[in-house]
Amino acid sequence: MDISIIIPAYNERESLPELVEWIERVMSAGGYSHEIIIVDDGSTDGSWQTVRQLADGRPDIHGISFRRNYGKSAALYCGFARAQGDVVFTMDADLQDSPDEIPEMYRMVKEQGYDIVSGWKQHRQDNALTKNLPSKLYNATARRITGIRLHDMNCGLKAYRNEVVKNIEVYGEMHRYIPYLAKNAGFTNIGEKPVHHQKRKYGKSKFGMERFVNGFLDLMSLWFLTKFGKQPMHFFGYSGLLMFFVGFVMTVCIIVVKLVNQANGLRFRPVTDQPLFYLALVAVILGVMLFLAGFLGEMVARSSGDRNRYNIKDEL
């Protein structure tokens, strides 16, 4: 099979028939063998009934229905597990992503050898204040931290080689950072393509401003787990040693100054009367606690089931 198209849907009953018809026109024109996997993420507007109607008598349309809303990451995870196509596409169900972009993105994966091709909504049709500006800041931060030069990390329209989606685990809200997850799994040939972005035709957006704050926190978590997940002592140990060293040096300096002044008959303050002594004491205690946290982290990492999980590219 050439193409699998995964569509997470949450309360998108009105847009699904039009989107499926649009995809079918593109697939028919290109002569692609394909499947459409619609994942209903606990919709309450009758979206699942629409999916059942669309799939009736159509072997190329499959559906997955969640009992409640789990989020986009869960929908993509289940869709990835079921996808059989050589190239796997993801796109939103709100008609803002254009299926007309599929043939060129498919060519980039198959002929140019990309592991991932991410869409770039170069000319967004969203509100500039609530969507465009926060999105630019968010993507600039993501590029800085991940080292992946994508203009639109969170674009819903992406193309993947099948091998990529079978070797990454999307969880929580990490759908925003699938290119980073793929990079950490060894799939580094990541490109992007400017894509046409349309105004929402039906309903309203399911995401608010809080997604940018949550996205930044998720990025920090992912960066930390990637860098120190299997070696937590490298973070907590270094931090603990640094804090302990700073506190110890401050304490020694306070005591030495006090003893020198006392020996020379100069005015001095008792060590325990100096605020700096208590700051030094706090630093020493924090250093010890961070070091112990590193030991505990190492014990957890050593007992983890995926401590020796590696992606093998080829074998002879």
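This is a predicted model, so every value here is computed, not measured. Within every chain, residues take consecutive numbers counted from 1 along the sequence as written. Two thresholds apply to this predicted model, a pLDDT of at least 70 for residue-level local features and 80 or more for giving and counting side-chain atom pairs, whereas whole-chain, interface and lining totals are computed over all residues. As a rule here, side-chain values cover all heavy atoms of the structure and leave hydrogens and water aside.

1. Quick notes on the confidence of the model for the protein chain
Part 1 of the argument: pLDDT measures the predictor's confidence residue by residue and takes values from 0 up to 100. Counting all residues, the mean pLDDT for the protein chain is 86, and 89% of those residues have values of 70 or more.
Part 2 of the argument: Numbering goes from the N terminus for both helices and strands, where a helix is a DSSP run of H or I of at least four residues and a strand is a run of E of at least two. Per-element confidence in the protein chain ranges from a low mean pLDDT of 72 for helix H8 (residues 210-228) to a high of 97 for strand S4 (residues 87-90).

2. Some details on the side chain of Glu35
Part 1 of the argument: In this fold, Glu35 is placed in strand S2 (residues 34-40).
Part 2 of the argument: Burial classification: accessible surface area is computed with a 1.4 Å probe over protein chains only, and a residue below 20% of its type maximum counts as buried, one above 50% as exposed, and the rest as partly exposed. By the counting scheme adopted, Arg and Lys are positive, Glu and Asp are negative, and His together with the chain ends is not counted. What counts as a salt bridge is simple: a side-chain nitrogen of Lys or Arg found within 4 Å of a carboxyl oxygen of Asp or Glu. The side chain of Glu35 sits in the buried core without any salt bridge; Arg82 is the nearest counter-charge, 6.1 Å away.
Part 3 of the argument: Polar contacts involving the side chain of Glu35 include one to the main-chain amide nitrogen of Gln84, which spans 2.8 Å.
Part 4 of the argument: We call two residues contacting when some pair of their heavy atoms lies within 4.5 Å. Setting aside residues up to four positions removed in sequence, Glu35 forms contacts with Met1, Ile3, Ser4, Ile5, Asp60, His62, Arg82, Ala83, Gln84 and Gly85. We define a polar contact as two N or O atoms separated by no more than 3.5 Å, with the added condition that, inside protein, one atom must be a possible hydrogen donor and the other a possible acceptor, whereas residues neighbouring each other in sequence contribute only through side-chain atom pairs.

3. Comments concerning the pattern of salt bridges
Part 1 of the argument: Scanning all chains against the criterion turns up ten salt bridges.
Part 2 of the argument: Close ionic contact of Glu163 with Arg161 constitutes a salt bridge, the shortest N to O distance being 2.9 Å.
Part 3 of the argument: Classification of Glu163 by relative accessible area gives partly exposed; the value is 32%.
Part 4 of the argument: Ionic contacts of the salt-bridge type, sharing partners, join the residues Glu24, Arg58 and Asp60 into one network.

4. Examining the sheet that holds S4
Part 1 of the argument: If you walk across this open sheet you meet the seven strands as S3-S2-S1-S4-S6-S5-S7, and the pairing is mixed. Strands with a single pairing partner mark the edges of an open sheet, and in this sheet they are strand S3 (61-65) and strand S7 (190-194). Strand after strand, the sheet turns through a mean of 20° between neighbouring axes, direction not considered.
Part 2 of the argument: A pair of strands is considered paired only if DSSP assigns at least 2 bridges between the two. By the bridge criterion, five bridges tie S2 to S3 in an arrangement that is parallel. Across the sheet, Val39 pairs through a bridge with Ile64, a residue of S3.
Part 3 of the argument: All axes are obtained by fitting lines to C-alpha atoms, using only the stretch in contact for helices, and the reported angles, taken between N-to-C directions, cover 0 to 180 degrees. Where helix H1 (residues 16-30) meets the sheet, it contacts strand S1 (3-9), S2 and S3, and its direction lies at approximately 165° from that of S2.
Part 4 of the argument: Its contacts with the sheet put helix H2 (residues 47-55) on S2 and S3, and the angle it makes with S3 is roughly 155°.

5. Quick notes on the packing of aromatic side chains
Part 1 of the argument: Put simply, two rings from Phe, Tyr or Trp (the six-membered ring, in Trp's case) pair if the centres are within 6.5 Å, and we call them stacked under 30 degrees between planes, edge-to-face over 60, tilted for the rest. All told, the structure shown has seven aromatic pairs when counted by the stated rule.
Part 2 of the argument: Judged by centre distance (5.1 Å) and plane angle (85°), the rings of Phe235 and Phe236 are edge-to-face.
Part 3 of the argument: The class for Phe236 is partly exposed, based on a relative accessible area of 21%.

6. Focus on the environment of Glu298
Part 1 of the argument: Locating Glu298 in the fold gives a position in helix H10 (residues 275-302).
Part 2 of the argument: The spacing of Glu298 and Lys230 is 68 residues in sequence and 7.5 Å in space, taken between C-alpha atoms.

7. A closer look at the pairing of S4
Looking along a regular strand, one sees the side chains alternate between the two faces of the sheet.
Part 1 of the argument: By the alternation rule, side chains of S4 split into Val87 and Phe89 and Val88 and Thr90, which are all buried.
Part 2 of the argument: Bridge analysis of S4 against strand S6 (residues 158-161) gives four bridges, and the strand direction is antiparallel. Across the sheet, Phe89 pairs through a bridge with Ala159, a residue of S6.

8. Let's talk about the environment of Leu292
Part 1 of the argument: Looking at where Leu292 falls in the secondary structure, it is placed in helix H10.
Part 2 of the argument: When its relative accessible area of 49% is taken as the criterion, Leu292 is described as partly exposed.
Part 3 of the argument: Placed 56 residues apart in sequence, Leu292 and Phe236 show a C-alpha to C-alpha distance of 8.1 Å.

9. What about unusual backbone geometry?
Part 1 of the argument: Positive phi is not limited to glycine here, since Asn11 has a value of about 55°.
Part 2 of the argument: With respect to the helices and strands, the residue Asn11 is situated in the loop between S1 and H1.
Part 3 of the argument: Of note, the phi angle at Leu95 is positive, near 70°, even though the residue is not glycine.
Part 4 of the argument: Note that Leu95 resides in the loop between S4 and helix H4 (102-112).

10. Details of H1
Part 1 of the argument: Expected span of a helix, by definition, is 1.5 Å for each gap between consecutive residues, and there is one gap fewer than residues. Here H1 contains 15 residues, and its C-alpha end-to-end distance of 21 Å stays within 8% of the 21 Å for a straight helix at 1.5 Å per residue.
Part 2 of the argument: On the buried face of H1, the contacting elements are S1, S2, H2, S3 and H4.
Part 3 of the argument: Once H1 finishes, Gly31 follows within two positions and takes phi at roughly 70°, a positive value.

11. Concerning H4
Part 1 of the argument: Of all the positions in H4, only Ile102, Met105, Tyr106, Met108 and Val109 are classed as buried. End-on, the buried residues of H4 take up no more than an arc of 155°, which puts them together on one face.
Part 2 of the argument: Against the buried residues of H4 lie S1, H1, S4, strand S5 (116-120), S6 and S7.
Part 3 of the argument: A positive phi of about 80° marks Gly113, the residue just after H4. By arc we mean the arc of the directions from the helix axis to the C-beta atoms, nothing more.

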